[in-house]
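Examination of the molecular architecture
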Amino acid sequence: MTALSLPIVFFWASTLLAIVAVILLFLLRPPVLQALVSSNVVWKQVIRVSQALNDRWRWWLSLLLATLIILLLLFAIYRPDLSEGEGRNKVILVIDNSPTMAARMSNGMSRLDMAKNLAQDFLSELPGDRTVLIVDTQRSVAIPEFTNIALAKTILDDIEIGTSLNPVVPSKVSREVAEHRFVFTDGVLLGTPPDTYETVSVFEPISNVGITHVDFALVPGNPGERQAFVELKNAGFEPRVVELDLNSEAGESLKRKIEIKAGEKIGQILNISSFSSGAVRVSVTSSQDGFRFDDKVFDYLSSKKEIKVLLISQNSADDKVLKLLELMPRVDVQVIDALAYSSAVADELESDLLLFNRVVPESRPNRPTVIFGVKPAKWLPVQVTDAMSTQVEVVKNSAHPLMQNVSLRDLIVEGGVVFGGASDVIVPFLTSKSEGPLAVTQGGVNPIILFGFDTETSNIELLADFPILLANLLTWMGDEPAIIRAPPGIIAIPGGAVRVNGMDGEEYPTWTVADQTYFNAIEAGLYTITTEDGPLRVAVSQGAERFSDVNQSRISRVVAADLTAPNLSRGFSLAVILCLLAFGLLVLDWTLFHRRVTQ
Amino acid sequence: MSSLLSKEFLRRLDGLTLLLRRPVSGHLRGQHRSKRTGGGMIFSDYRPYSPGDDVRNLDWATYMRLDRLVLRLFEEEADTPIYIFIDSSNSMLQADGGKFLVAKKLAAILSYIGLLNHDRVSLAAFSDGVVRELPGRRGKNQMWRTLHFLEALKPSGITNYADTFKRYFGGGRTRGLVVFISDFLQQEPLELSFKPIKQYGHEVFASHVISPSEVSPELGGEVVLVDSETNESMNVHLTETLLRQYREAFVDHCSSIENFFRRSGWGYLRINTDDNFEEAALIGLKKERLTL
């Protein structure tokens, strides 16, 4: 028996009890006193007079009762619906299938299963002439429409947990007029449903410890070491001892036992220098955990390889770029002059990156290239113009990876070029007088960065943020691209994707809308996007504090056992009730009036 | 002497005489005025003398004055038939039979007085007809038989006045005094019931016997009222209002009966079984000028 069916059963039980009570009262009525009188002649006169008025009332009341009974019988036969207007016979059920509805309750069922069961029971009790609109808060029901009950049950069965942390009751549905409107929810992510809806709560507090954030970074001051930052949240009401576990794709593992107080959020830093690059799974294990979706987070640890830089400079002796490169721990720098570069066979150069200072090669190199002090050349992807002012103010593109933590505010350029005439390049910074870009970058398999000035004609070597610019430059060109972290759902892919693969190699379909490519990451995991510029990693996880807070319900009812179905009165129930009432009145009338009252 | 009348009470009745409002039609000598002239004491008229008339009644003073023989006529005193009807229907059993006892006592009183006055007294017990009858008797010595008759009566049946009167008087009875003792609890209108008696010109004296349980019944709540004569039952919820209405209706009922007899020029005496019967009877009879 479910909460929804209880009132109906209670109603019928009450009716049966009432009928039994009336019968018993009739059977147990006190015996009537018999009195022998000389004659009833005078009594008859008295009764005739006294009953004259009563008879008139009795006649009218009997007429009224008879009319009422006839009307109620008609109600019972034709089951008229007293509600009027557009929403007549319509029922809207909104099922909250936001991620927190996956929380498992004490009875072993998830909140969503409980909601679906309650809704199924409700649909089973509905009269057959009702039309039902089933809709979810994750928009998995693409085109909600009123259907018959059987189809509604099927739609209801198909509803599964969604991934969006921002569930909504679709505005079209919330405006829809209906006879009954219910929202089955736990009230955590959905919050308070619209006022026009009655809420059926499936919320029950559970125990949950989840991962709310994961990040990997180099150890400050020691770029050779790497560490992981993991944030955990105990959303339950009791302290827990949990086991945090990091596993790499190559088999490295790291475990740590942690005690978390109720409601506490703690951060953990773990040294993962020994981990190989690749996918990393972070998981947390705790006893009696009722919500498993935030117990596991996938991320990607980018490669920590050494970058071989070949510096081609006309005068390498006092080259400050060289000195800076030599100071960088991951950089193995070699220096050659322009002549040596020209005579060398390009494929035999052992370098990951070519850095030209005041030198422009005769043809485009076949590897990532940086050129300071560009001069016109045929192979350049942009046009070069000698229009450089002696003093420029730089306007930077902060979104460009090169410009991360770089200001270039005091840059002075005494001579150089500006670029123009190309559409497939990105401008990291340009002059403020709109003379054109001072630098451009072009992605691809062999990216290229062009600076319109060099270290001789500018003070860039002397700027405090030049090392950072250089590091960003090496990272952008030499390292793997930064991974994208996103919750499950539809994810936009930067650039054009060739294909998207999951952890098990399964290929996911992509689609393009308005020059933007998307794919649907239906579950947490690590996805690899193959683009024209190379592979891109997307770590999809549900690690978020709002997601782990499965007990933050905004609905007052908190115990599933106390669930009471709303007033699910059906269209004909009023007629049934009134019919039974009329029957009761008829019984009372017969018992009290015809059997006892003065004739 | 009898369960109905004590010696002392009979002695009080010895000096009573029945008074009738109209001259009687008796054939034997009695103590009531009759329409016939003869050897009475009360002067009635004159008429011319005819041969054969009793010369003792000649008015000699007139003869001396007018020289004509004129005979003085005197009213002759005669007896009268007294028909005493006693209601012996089941309704008379109420008040523990008190109503029927009162009826029998009253019948005994009037029989005694009638017999003392040399009237011809007939007794008839009736319900839906004459159940038992004691034919007319004269003389005080018939009192024993009368009392035995009355003592032997048992109530039964339902009341039906009209049938009783039609059958009893249909055979032709000398006009006389009809004494009717009953509780008058019948549905049939009295006008219809007493029509035969009116037609035959009888003088009627009605005695209405009532009991306290009829005047003010001590009942209440849900009651099934069972008619003692017809056994017809009636479910009633007796409220104080209904009881008050009954009491008023019963008074109206009694008044209507009394009014009927008064309008007809007949005597009416109501006796409650709770009253002191002997005093109530003697006073009532004198008040109604039935006895002197």
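Per chain, residue numbering runs from 1 following the sequence as it is written. Naming scheme: in the order in which they are written, chains are lettered from A and ligands are numbered from 1. In keeping with the model being predicted, local features are shown solely for residues with a pLDDT of at least 70 and side-chain atom pairs are shown and tallied solely at 80 or more, while totals for entire chains, interfaces and linings include all residues. Excluding hydrogens and water, the side-chain values take into account all heavy atoms of the structure.

**Observations concerning the environment of Gly 267 of chain A**
Residue and element names in this part refer to chain A. Numbering of helices and strands starts at the N terminus; helices are DSSP runs of H or I of at least 4 residues and strands are runs of E of at least 2. Of note, Gly 267 is situated in strand 11 (residues 265-271). Partly exposed describes any residue whose relative accessible area lies between the buried limit of under 20% and the exposed limit of over 50%, with all areas from a 1.4 Å probe on protein chains only and scaled to the type maximum. Judged by its relative accessible area of 43%, Gly 267 is partly exposed. For the pair Gly 267 and Val 214, spaced 53 residues apart in sequence, the C-alpha separation works out to 9.5 Å. Contacts were defined at the residue level, with two residues in contact if any of their heavy atoms lie within 4.5 Å. Not counting chain neighbours up to four residues away, the residues in contact with Gly 267 comprise Phe 229, Val 230 and Glu 231.

**Topic: the pattern of salt bridges**
A pairing counts as a salt bridge when a side-chain nitrogen of Lys or Arg comes within 4 Å of a carboxyl oxygen of Asp or Glu. Here the structure, examined in full by the defined rule, presents 21 salt bridges over all chains. With its nearest N and O atoms 2.8 Å apart, the salt bridge here joins Glu 232 of chain B to Lys 44 of chain A. Of this pair, Glu 232 of chain B sits in the loop between strand 9 (221-227) and strand 10 (233-238) while Lys 44 of chain A is found in helix 2 (residues 41-78), placing the two residues in two different chains. Look at Glu 232 of chain B and you get partly exposed, because its relative accessible area is 35%. Here Asp 54 of chain B and Arg 56 of chain B are joined by a salt bridge, their closest N and O atoms 2.8 Å apart. Among the residues examined, Asp 54 of chain B registers a relative accessible area of 32% and is labelled partly exposed. Here the salt bridges do not stand alone but share partners, grouping Glu 258, Arg 262, Arg 270 and Glu 288 of chain B into one network.

**Observations regarding the sheet that holds strand 6 (residues 198-201) of chain A**
Residues and elements named next belong to chain A. We treat two strands as partners when DSSP finds at least two bridges between them. The strand order across the open sheet built from 5 strands is 4-3-2-5-6, with neighbouring strands paired in mixed fashion. Each end of this open sheet is capped by a strand with a single partner; those strands are strand 4 (146-147) and strand 6. Its contacts with the sheet place helix 3 (residues 111-125) against strand 2 (90-95), strand 3 (131-136), strand 5 (180-185) and strand 6, and it is angled at close to 170° to strand 2. To obtain an axis, a line is fitted to C-alpha atoms, over the contacting stretch when the element is a helix, and the angle between two such axes runs from 0 to 180 degrees between their N-to-C directions. Packed on one face of the sheet, helix 4 (residues 149-158) meets strand 2, strand 3 and strand 4 and runs near 10° to strand 3.

**Concerning the packing of aromatic side chains**
Any aromatic ring pair is given by two values, namely how distant the centres are and how the planes are angled relative to each other. Residue and element names in this part refer to chain B. In this scheme Phe, Tyr and Trp rings, the latter by its six-membered ring, pair at centre separations within 6.5 Å, and the angle between planes marks the pair as stacked below 30 degrees, edge-to-face above 60, and tilted otherwise. Following the criterion strictly, the structure yields 40 aromatic pairs over all chains and no others. Note on Phe 85 and Phe 165: the rings are 5.4 Å apart at their centroids and 90° apart in plane angle, and the pair reads as edge-to-face. In this pair, Phe 85 sits in strand 4 (residues 81-87) while Phe 165 sits in helix 5 (residues 161-170), placing the two residues 80 residues apart along the sequence.

**Examining helix 9 (residues 240-263) of chain B**
Every α-helical turn comprises 3.6 residues, leaving residues that sit three or four positions apart pointing alike. Residues and elements named next belong to chain B. Its 24 residues place the ends of helix 9 34 Å apart at the C-alpha level, agreeing with the 34 Å of an ideal helix rising 1.5 Å per residue. Buried within helix 9 we find Leu 242, Leu 243, Tyr 246, Ala 249, Phe 250, His 253, Cys 254, Ile 257, Phe 260 and Phe 261. One or two positions beyond helix 9, positive phi appears at Gly 265, with a value near 80°. In this analysis, the expected span of each helix is defined as 1.5 Å times one less than the number of residues it contains.

**Things to note about a nonpolar patch on the surface**
Residues and elements named next belong to chain A. Patch membership is restricted to residues that have no salt bridge and whose relative accessible area is over 30%. Joining uses 9 Å for like charges and 5 Å for the nonpolar side chains Val, Leu, Ile, Met, Phe, Trp and Tyr. Per-residue and other accessible areas follow the Shrake-Rupley method at a 1.4 Å probe size, with only the shown protein chains counted as cover for residues. A cluster of nonpolar side chains, contributed by Leu 16, Ile 19, Val 20, Ile 23, Leu 24, Leu 27, Leu 28 and Phe 583, occupies part of the molecular surface with about 770 Å² of accessible area. The element best represented in the nonpolar patch is helix 1 (residues 6-27), accounting for 6 residues. Looking at where Leu 16 falls in the secondary structure, it is placed in helix 1. Given the relative accessible area of 55%, Leu 16 is considered exposed.

**Describing the interface of chain B and chain A**
Tallying the contact residues gives 30 residues for chain B and 21 residues for chain A. Two parts placed together each lose some accessible area under a 1.4 Å probe, and adding up what both lose gives the buried area. Together, the buried faces of chain B and chain A total about 2500 Å²; carbon and sulfur atoms form 63% of this surface. The interface formed by chain B and chain A holds 1 salt bridge in total. For this analysis, a polar contact is any N or O atom pair within 3.5 Å, provided that within protein one partner can donate a hydrogen and the other can accept it, and provided that sequence-adjacent residues contribute only side-chain to side-chain pairs. Across the chain B-chain A interface, the total number found is 11 residue pairs in polar contact (both at pLDDT 80 or more).

**Describing helix 3 of chain A**
The end-to-end C-alpha distance of helix 3 of chain A is 21 Å, a good match for the 21 Å that 15 residues give at a rise of 1.5 Å each. Counted residue by residue, helix 3 of chain A has 11 buried out of 15 residues, so it is predominantly covered.

**Some remarks on the environment of Tyr 508 of chain A**
Residue and element names in this part refer to chain A. Tracing the backbone through its elements, the reader meets Tyr 508 in strand 27 (residues 507-508). Residue Tyr 508 is classed as buried on the basis of its relative accessible area of 11%. When the C-alpha positions of Tyr 508 and Ile 529 are compared, they lie 9.7 Å apart, and in sequence the two are 21 residues distant. Every residue in contact with Tyr 508, bar those within four places of it in the chain, is listed here: Val 500, Asn 501, Gly 502, Phe 519, Asn 520, Ile 522 and Tyr 527.

**Digging into the sheet that holds strand 25 (residues 489-493) of chain A**
Residue and element names in this part refer to chain A. Ordered in space as 25-29-28, the 3 strands form an open sheet in which the pairing is antiparallel. Among the strands making up the open sheet, the edge pair consists of strand 25 and strand 28 (510-513). Going across the sheet, the axis of each strand differs from the next one's by a mean of 35°, ignoring polarity. One ladder, built from 4 bridges, connects strand 28 with strand 29 (residues 516-521); its direction is antiparallel. Opposite Trp 511, over in strand 29, you have Tyr 518 as the bridge partner.

**Examining the side chain of Ser 273 of chain A**
Residues and elements named next belong to chain A. Structurally, the position occupied by Ser 273 is in the loop between strand 11 and strand 12 (278-285). According to the relative accessible area criterion, Ser 273 is buried, its value standing at 18%. At a separation of 3.0 Å, a polar atom in the side chain of Ser 273 contacts the main-chain amide nitrogen of Arg 226. At a separation of 2.6 Å, a polar atom in the side chain of Ser 273 contacts the side chain of Asn 271.

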